[in-house]
Structure formats: structure tokens, C-alpha cells
Amino acid sequence: MASPDSSQRAFEDFSEGSFKNSSKGSFKVYVDGQEGTTGLRLFDYLRARDDIELLRIDSDKRKDPAERARLLNAADVAFLCLPDAASREAAAMVENPNTCLIDASTAFRTDPSWVYGLPELDEGQRDRIRASKRIANVGCHASAFILLVRPLVDAGLLPADYPLSAFSLTGYSGGGKAMIAEYQNDSDDRLAAPRPYAMALGHKHLPEMQQHGRLAQPPVFSPIVGPFLKGLMVSVPLQLSHLAEGVGAEELLGAYRAHYADEPFVRVRPVEALDNLDNGFFDVQGANETNRVDLFVFGNDERVCLVSRLDNLGKGAAGSAVQNMNVHLGVDEMTGLGV
């Protein structure tokens, strides 16, 4: 196993006093579900901010509905890092019309009364995020998939009814604290190999992948967890003969360049860039410790493979949530986030 990085140490070293923000900032922020992986990573991002006052709940009141409701309604922005049912419960506690909720669960990602928290989705998405008090943070697999597919559908290069398949390889931190502990225990030889899961092909991210990818049907999606802490890649293979005549790798890259021309967190990689591969191998962890997504097109004149890469705890979770907060509050979008 790789040696622990800063995020892993944060999981191990968390205590009530670990993330105290000593300054009083302009915006009050509360994290409901502060001891999960996304919650801990959020504190990692937020603790250095001098424009934020972090509201903290006493450890013995973490499950006290009245205290949680008080803090949720006192916040300018409240992050919900909870299971779906608990997120719905928390959202129902908010009566303050000025509290913006950013939910990290799957509960609201296809709900039309919530804005989808992917600023790069289209040219109007930032305005929607800025105006809304209900933001559904994007899923890690879904963000990587949608950022690959949506620009091609919008540009008319990829038919909405194309029978897409997608594969995702992700670090074990995506499975939460229990899976992290399982891998760090390192006592089961089976954990040394990649492990495909969601074999019934009904992964919870499919509804948002279809809806926000503007697809006629969900993809056949196969996720795999690997023996490394974090990092994620999604690959989408395409038969060029099923696309419009004349569409190849450069045309697909051109659509990406046009769509993401002014996006600070999206890097579109040229086909022949020497650092795309390392001795022929792809580095799944190449965007770790950033809020960046890297987009690639590999293949030949007959077939191509679209690939996106991100940090599943960064752009795939907590980093994306901070980016949505920045957009909503009207502060520099890159504040506190690395590229």
C-alpha cells in the first residue's frame, strides 16, 4: 500500500479541535456530517480560509436535532455530508431563507427544485448556482462522465441515443471510512487487486449521468475500486463509424476546447502530448491534490476512448462543493482550491 498522504492523515488525526478556524470571517459555514470522508476533506479545504467562520457542533450534540437545526439556520452556507435520508431530514430543518444548502448525497441530484452543482455543465450553470439556495453537489463518477459526454452531445457529435458504456476506476476512499479502514488494515490479500462492483448495473449515479449528460438512456456503467487511497478515471469507448462522417479524435477534442475554453479547473490534453502516458500506462492519480479534471482522447482512426481524470475527494466531492460555495457567494471561484 502507498504511504499515507495528507488526506489520509486527516482521516486518522481528526479530533474536535483539529480544524478550529481562529479568525472570524465574512461567511458562516456549517458542515452537517463533519466526521465522514467528505466532511473531513471539507474541513481540510476550509480551515485555512480567513473569509469563513466555521460553525462547529459539540461532539455530544452531533445527533441532537435541535442543535443541528440551530446551526443549519445560522449558516450562510451549510454542507450536508450525510446519507440520502438524513440529507432530506436536514434540508427539512432549514427555515432561514438565506441559508444555502450544498448537499453531497444523491438525494437531490435529479430534483428540478435543486440546481446541479457542476459549474462547467453549460454557460448558464454558474448563474443558476449563484441564484439558488439549494445546490446538489455532483457525484464523483458522474462528474467525470458528464464532463466527457455533455459537450459532445451539445455539439451534435455524439448522438443522445448512442449505446454508451463507461468504466470507472477509483481509489478506495470513495467507499467511506469503513472501506478506508478495511484497506488500511491490509490483512486481506484480495484487496491488493482491483475489485469491480455494482455488478447488477444499477449504480446510484446513473440517474444524474443520464439526465445531466442529456442521454436517451443511462450508460452501461462498470465501476472498479483499486488498492490506492484516491484518484479516479472514467473511460468511455466509442466506435467512430457510429458517429457522423468525418468525426475523429481532433473533432472531439475541438468540442472540448470550445466548451471548456475559459474553465480554470478543466485541462484538455492534446492527443500526442508526451506526458499523457507513462511508458504506455495511464496514471489514475495524476490529478490528485487538485480540483482539476483532465480530459483525454486516445485511440485510432476506427475507435477512440474518452478518458477523464480527477481526485475523487477533490473535484469529485469536497473540492467541487467548495467551488460551488465560492460561485454562490460571489467570491473568486478558485479561492482555497488547487489546480
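Residues numbered from 1 in each chain as written. Predicted model: local features only at pLDDT ≥ 70, side-chain atom pairs only at ≥ 80, totals over all residues. Heavy atoms only, no water.

**Concerning the overall build of the protein**
Within the protein, the secondary structure is distributed over ten helices and 13 strands. Taken over the C-alpha trace, the protein has a radius of gyration of 20 Å; the compact-globule value for 339 residues is 20 Å, and the two agree within 12%. For the protein, the spread of C-alpha atoms along the three principal axes comes to 60 × 50 × 35 Å. The contacts in the protein between residues at least 6 apart in sequence include a share of 71% that link residues at least 24 apart. In the form shown here, the protein has an accessible surface area of approximately 14,700 Å², with 50% of it arising from carbon and sulfur atoms. With 34 positive and 47 negative side-chain charges, the protein shows a spacing of 5 Å between the two charge centroids. (Helix = DSSP H or I, 4+ residues; strand = E, 2+ residues; numbered from the N terminus. Rg over C-alpha atoms; globule rule 2.2 N^0.38 Å. Contact = heavy atoms within 4.5 Å. Areas by Shrake-Rupley, 256 points an atom, 1.4 Å probe, with all protein chains shown as cover. Lys, Arg positive; Asp, Glu negative; His and termini not counted. Charge placed at Lys NZ, Arg CZ, Asp CG, Glu CD.)

**What to know about the confidence of the model for the protein**
Chain-level pLDDT for the protein is 91 on average; 93% of the residues reach the 70-or-more range. Confidence drops under pLDDT 50 across residues 1-23; counting only partners more than four residues distant or on other chains, this segment forms 48 contacts. (pLDDT = per-residue confidence, 0-100.)

**Side note on the layout of surface pockets**
Considered as a void within the structure, the largest pocket measures approximately 700 Å³ in volume. For the largest pocket, the lining is made up of 35 residues, of which T37, T38, A104, G174 and K204 are closest to its centre. The set of elements that each furnish at least two residues to the lining of the largest pocket consists of α2 (37-46), α6 (140-154), β7 (165-171), α7 (176-185) and α10 (314-329). A breakdown of the residues in the lining of the largest pocket according to their chemical character gives eleven nonpolar, 20 polar and four charged. (1 Å grid on protein atoms, 1.4 Å probe; cavity = no way out; pocket = protein on both sides within 12 Å on 5 of 7 lines; lining within 4 Å. Points joined across faces, edges and corners; volume = space filled by probe spheres on them. Nonpolar A, V, L, I, M, F, W, Y, C, P; charged D, E, K, R; others polar.)

**Describing the pairing of β7**
As paired elements, β7 and strand β9 (residues 220-226) share seven bridges and run parallel to each other. Bridged to A166 within β9 is F221. In the sheet, β7 pairs with strand β10 (residues 232-239) via four bridges, with the strands oriented antiparallel. Bridge assignment links F167 to a residue of β10, and that residue is S235. (Pairing = 2+ DSSP bridges.)

**Some words on the sheet that holds β10**
Strand pairing in a sheet is mediated by backbone hydrogen bonds. Such pairs are either parallel or antiparallel. Pairing is mixed in the open sheet, where seven strands are placed in the order β8-β9-β7-β10-β13-β12-β11. Unpaired on one side and paired on the other, β8 (195-196) and β11 (266-268) mark the two borders of the sheet.

**A word on the sheet that holds strand β6 (residues 134-137)**
The strand order across the open sheet built from six strands is β2-β1-β3-β4-β6-β5, with neighbouring strands paired in parallel fashion. Pairing within the sheet leaves two strands with one partner each, and these edge strands are β2 (52-55) and β5 (115-117). Across the sheet, the mean angle separating the axes of adjacent strands is 25 degrees when strand polarity is ignored. For strand β1 (residues 27-32) and β2, the ladder comprises four bridges, and the chain directions are parallel. Looking across to β2, one finds that V29 is bridged to L54. (Axes fitted to C-alpha atoms, helices over the stretch in contact; angles between N-to-C directions.)

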